[in-house]
Amino acid sequence: MRRRIVVCLLALACMAGARAAWAQQSRPAEERLGGCFDGYLDKAQTEQAAAQQPGQPAAPAEIRIGHLHASSGPYASISMPVYLGLKLWVEQMNAGGGAVVKPFGRKLPLRLISYDDQSNPGTAATLTNQLITQDKVDLLIADSGSVLTAVSVPIAREHKMFLFDPTGTGAAFFSKDNPYIALLADPVSTVWPRFLWEFLKSDVAAAGLTRVAILYSTNDFTGTQAASIRAALKAPGSPVQIVFDQGVPTSTSNYAVLIDNIAAAKPDVVLELGYVGNDIAFLRNLQESGTKFPMVFTLYPGIETSTLLKNVGQTGLAGVFSYVTALAYSYPPEVGMTLEQFRGSWEKAYAKSGVEFGWNAIAGYVTGLVLGQTLACTDSMAQLDVRKSVFSLSGKLKTLIGTFELNEQGAQIGELTPIGQIAPAGSDGIHFTVVYPSAMSSGKPIFGAK
Amino acid sequence: MRRGVGEYAAVALPLLAALALAPLVYSNELLLFNFIMFLILAQGLNAIYGFTGYLPFGYVGFFGAGAYGFALAVMHLDASPLLAMACAGVAALALGVVLTPLLRLSGAYFAIANLAAAQAVYQVISNPALQDITKGPYGVTLSSVFAPALSYGVALGILAATLALVAWLRNARLGLALQAIREDPVSAAMAGVAVVRGRTIAWLLSALIAGLAGGVFAWHISVFYPETAFDLSFSIFAIVFTLFGGAATQLGPILGVLLLYGLYNVIGITVPQYFQLIYGVLIVLLVLFLPDGLASLATRRGFRVP
């Protein structure tokens, strides 16, 4: 009887996770084609270049792109938008006849093989192997986030397969002895907060706000950002003093006591670095507590703006500082769609999918753009040539999130996000005022607004 | 004991031979490795649950301890992988000794306490304050010892030893004593069975097996985070596989792993969105019609399942 109860409980736990399949729609849309980076080609030139030349190797029927995503579990909220953004790019390319593949001198259709790892690193590892050894994909893309990317890194390296890493920002992935990885759509965590610490040490300190509290979630993404900020603020000559520094589990969902503890340290600036759920809980608790700090910075209002606005509200976000991503700052793209075009395509394709449009959706699309340019530039489909092609884009490829730039280990050091402050807009909307760096700024920071 | 050798030869040797040759015909070696790892875990769980009736929901705690025992030995002692494997076993054994008092509990209380203990170990390992020692929540990288072929072979060796242990338990005096304890500890004690000693031996053997599985997992995968090594799904899968096949047998957990983990991968690759539904329905059907696992199909008809 006891055994039956135990097994019944296990069965119920499994079934509780059951859910309907993602309703996914796709709509082809016009895509601007970029050429190899000897200079950009317009569409006609690209098609001319795509004509089969004598002596070129026989082209395969399709280019197989292997990818992992998580439709359930803790990483689904960051993984699904990346997947759908990438899928949208593939569908657009195929609607236009495929992608230009330089080694074959013609356009080839793309086939996206994306497995669902359900946020389980063990499953992600097995499926990465599946993509390489069984599906024999031509290009390999990791899942989103550092935990799920981590397991793919050694496997790709072992099989000498180049790993396109959309958003796994863990600094440990990138080393001189591993040529088989590049980070595409997020700056590496050690570099990403650069504008933030510069802002704190210059404009914020000049305004007399020098006491900083750091509250971070203990995961690779935010933990590394916290470490970078800490190191910069403690550097010799820094005008800033860290008065509170604490890591909390990523599963933390109640910040009430922590906010009281922070207030007791009397900081001028509070930096809360967490995932979407952490930021929502922190900002809600902050609003409910009535506690005020001259400056509050959190990560996700600028990254997944719609989700934060829906869950925290206009009032809760007003005055908060955050990274300003392409969602709120226009970078004129030289390749691919503008933000407005991409958002329109997304809404057409995925309005009913239940997946919010945000930074990660853009990251998925940008991953596709890098893939497309790589195929257009590579000398062959050998993985080291693929790598060479990816690195040839560094500093030259400009998409809707800015300039793609890699260091020699493959870590993304471009696409840095400026710092902005949120202000209410209309009855229930918000807008960002870029406050740093000055070259990009659209207004002055208002301290004490939170 | 001769029967145990015969059962081992009939069940374990063909399986081991198949797994040893499988990489020659199927190149997704990691999938094969995962099969081996779950076979080890299911048999390790079998040693404690099948023979004593104690269901450790936090079995993953030993697995994680083994993984981190391996990682710490490599990171801080520059240990060779084989020495680090020994450290993995020692780490899990040490945790088993610390948790031995849990055996005073029984049933759901033991399962919950064990789960809580595993979570406590996870929290300690992932504590940022211990970053210099365990790398805290930021994960470990063991690329210096990454050797998938060798670690696959070692995993196979551990599986061979684990199957031998279960075959021995099935037929040895200790195994029979444990089964007597499982059925009625008071009667077993009255009959002269050393209840506490028997349970403790089974508990520590089970912990050792999980620790070695964790160690070889860390070696094979080489980059992992605390949430990877302490993922509760390791416990759940090991329990489900064991129950599905039939506990207290050598063959039952093997069938459970081959069928259910095979199904898991087929579903995971073809229709992942229905995975939980299909798995859940399957388990409900199992509970309703085969509560003692697949092995009971044979035992009900009077056949002995190895």
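Thresholds applied
- Residues numbered from 1 in each chain as written.
- Chains lettered and ligands numbered in written order.
- Predicted model: local features only at pLDDT ≥ 70, side-chain atom pairs only at ≥ 80, totals over all residues.
- Heavy atoms only, no water.
- Domains from an automatic or database assignment.
- Contact = heavy atoms within 4.5 Å.
- Buried area = accessible area lost by both parts, 1.4 Å probe.
- Salt bridge = Lys/Arg side-chain N within 4 Å of Asp/Glu carboxyl O.
- Axes fitted to C-alpha atoms, helices over the stretch in contact; angles between N-to-C directions.
- Helix = DSSP H or I, 4+ residues; strand = E, 2+ residues; numbered from the N terminus.
- Parallel < 35°, antiparallel > 145°, perpendicular 65-115°, else oblique.
- Left-handed = near helix turned anticlockwise from the far one by under 90°.
- Nonpolar A, V, L, I, M, F, W, Y, C, P; charged D, E, K, R; others polar.
- Expected span 1.5 Å × (residues − 1).
- Buried < 20%, exposed > 50% of the residue type's maximum accessible area, 1.4 Å probe, protein only.
- Phe/Tyr/Trp six-rings, centres within 6.5 Å; stacked < 30°, edge-to-face > 60°.
- Right-handed = clockwise from strand over helix to strand, strands pointing away.
- Pairing = 2+ DSSP bridges.

Caption draft 1: Region of the structure containing the domain arrangement of chain A. Residues and elements named next belong to chain A. Segmentation of chain A into domains returns domain 1 (26-188 + 329-403) and domain 2 (194-328 + 418-436). Distance from the C-alpha centre of domain 1 to the C-alpha centre of domain 2: 31 Å. Contacts between the two partners involve 18 residues from domain 1 and, on the opposite side, 15 residues from domain 2. Buried area between domain 1 and domain 2, both sides added, is near 1500 Å², and the carbon and sulfur share of it is 58%. Per-residue buried area on domain 1 facing domain 2 is highest for Tyr329, Glu356 and Trp359; these three make up 42% of the total on that side. Here domain 1 is connected to domain 2 by one salt bridge. Glu356 is the salt-bridge partner of Lys310, the closest N and O atoms lying 2.2 Å from each other.

Caption draft 2: Focus on the packing of helix α7 (residues 148-171) of chain B against helix α8 (residues 173-183) of chain B. All names here are of chain B. Between α7 and α8, whose axes approach to 5 Å, the crossing angle comes to 70 degrees. Regarding the angle of α7 to α8, the classification is roughly perpendicular. Crossing hand, α7 versus α8: right-handed. Residues Trp168, Leu169, Arg170 and Asn171 of α7 pack against Arg173, Leu174, Gly175, Leu176, Leu178 and Gln179 of α8. Along the lines of polarity and charge, the residues of the contact of α7 with α8 split into five nonpolar, three polar and two charged.

Caption draft 3: Looking closely at helix α12 (residues 232-245) of chain B. Residues and elements named next belong to chain B. Look at α12: 20 Å from first C-alpha to last across 14 residues, which is about the 20 Å you get at 1.5 Å a residue. Within the span of α12, buried status applies to Ser233, Phe234, Ser235, Phe237, Ala238, Ile239, Val240, Phe241, Thr242, Leu243, Phe244 and Gly245. Trailing α12 by a residue or two, Gly246 shows a phi angle of about 125 degrees, which is positive.

Caption draft 4: Broad picture of the environment of Cys87 of chain B. Residue and element names in this part refer to chain B. Along the polypeptide, Cys87 turns up in helix α4 (residues 81-98). Relative accessible area serves as the criterion here: at 25%, Cys87 is assigned to the partly exposed category. Through-space distance from the C-alpha of Cys87 to that of Ala71 is 9.1 Å; in sequence the pair is 16 residues apart. Cys87 has contacts with Gly69 and Ala73, leaving out every residue within four places of it along the chain.

Caption draft 5: Main features of the interface of chain B and chain A. Listed by partner, the interface residues are 48 residues for chain B and 45 residues for chain A. When the two sides are added together, the surface that chain B and chain A hide from each other amounts to roughly 4000 Å², 63% of it contributed by carbon and sulfur. Per-residue buried area on chain B facing chain A is highest for Tyr138, Tyr225 and Gln276 of chain B; these three make up 15% of the total on that side. Linking chain B to chain A there are zero salt bridges.

Caption draft 6: Local environment of the pattern of salt bridges. All names here are of chain A. Taken as a whole and judged by the stated rule, the model has eleven salt bridges over all chains. The partner of Lys87 in a salt bridge is Glu91, with the nearest N and O atoms 3.2 Å apart. Linking Lys87 with Glu91, this pair stays in helix α3 (residues 76-95), spanning four residues, or about one helical turn. Comparing Lys87 with Glu91, the two get one shared label, buried. One network of salt bridges, with partners in common, ties together Lys102, Asp379 and Lys388.

Caption draft 7: Structural detail: the packing of aromatic side chains. Residue and element names in this part refer to chain B. If you walk through the whole model with that rule in mind, you get 38 aromatic pairs over all chains. A centroid spacing of 6.0 Å and a plane angle of 35 degrees characterise the contact between Phe38 and Phe234, whose relative ring orientation is tilted. In this pair, Phe38 sits in helix α2 (residues 29-52) while Phe234 sits in helix α12, placing the two residues 196 residues apart along the sequence. According to the relative accessible area criterion, Phe38 is buried, its value standing at 5%.

Caption draft 8: Quick look at the pairing of strand β11 (residues 295-298) of chain A. Side chains Met295 and Phe297 of chain A project from β11 of chain A onto one buried face, and the interleaved Val296 and Thr298 of chain A project onto a second face that is buried too. In this view, the connection linking strand β10 (residues 269-273) of chain A to its parallel neighbour β11 of chain A by way of helix α10 (residues 276-289) of chain A has right-handed handedness.

Caption draft 9: The sheet that holds strand β4 (residues 110-116) of chain A, seen in detail. Residues and elements named next belong to chain A. Spatially, five strands are ordered β4-β1-β5-β6-β7 in an open sheet, and the strand pairing comes out parallel. The outermost strands of the open sheet, each flanked by one partner alone, are β4 and β7 (181-183). For this sheet, the mean inter-axis angle between neighbouring strands, taken without regard to orientation, is 20 degrees. Across three bridges, strand β1 (residues 63-69) lies against strand β5 (residues 139-141) in parallel orientation. In the sheet register, Ile65 faces β5, and the bridge partner there is Leu139. Lying over the sheet, α3 contacts β1, β4 and β5, oriented at roughly 160 degrees with respect to β4.

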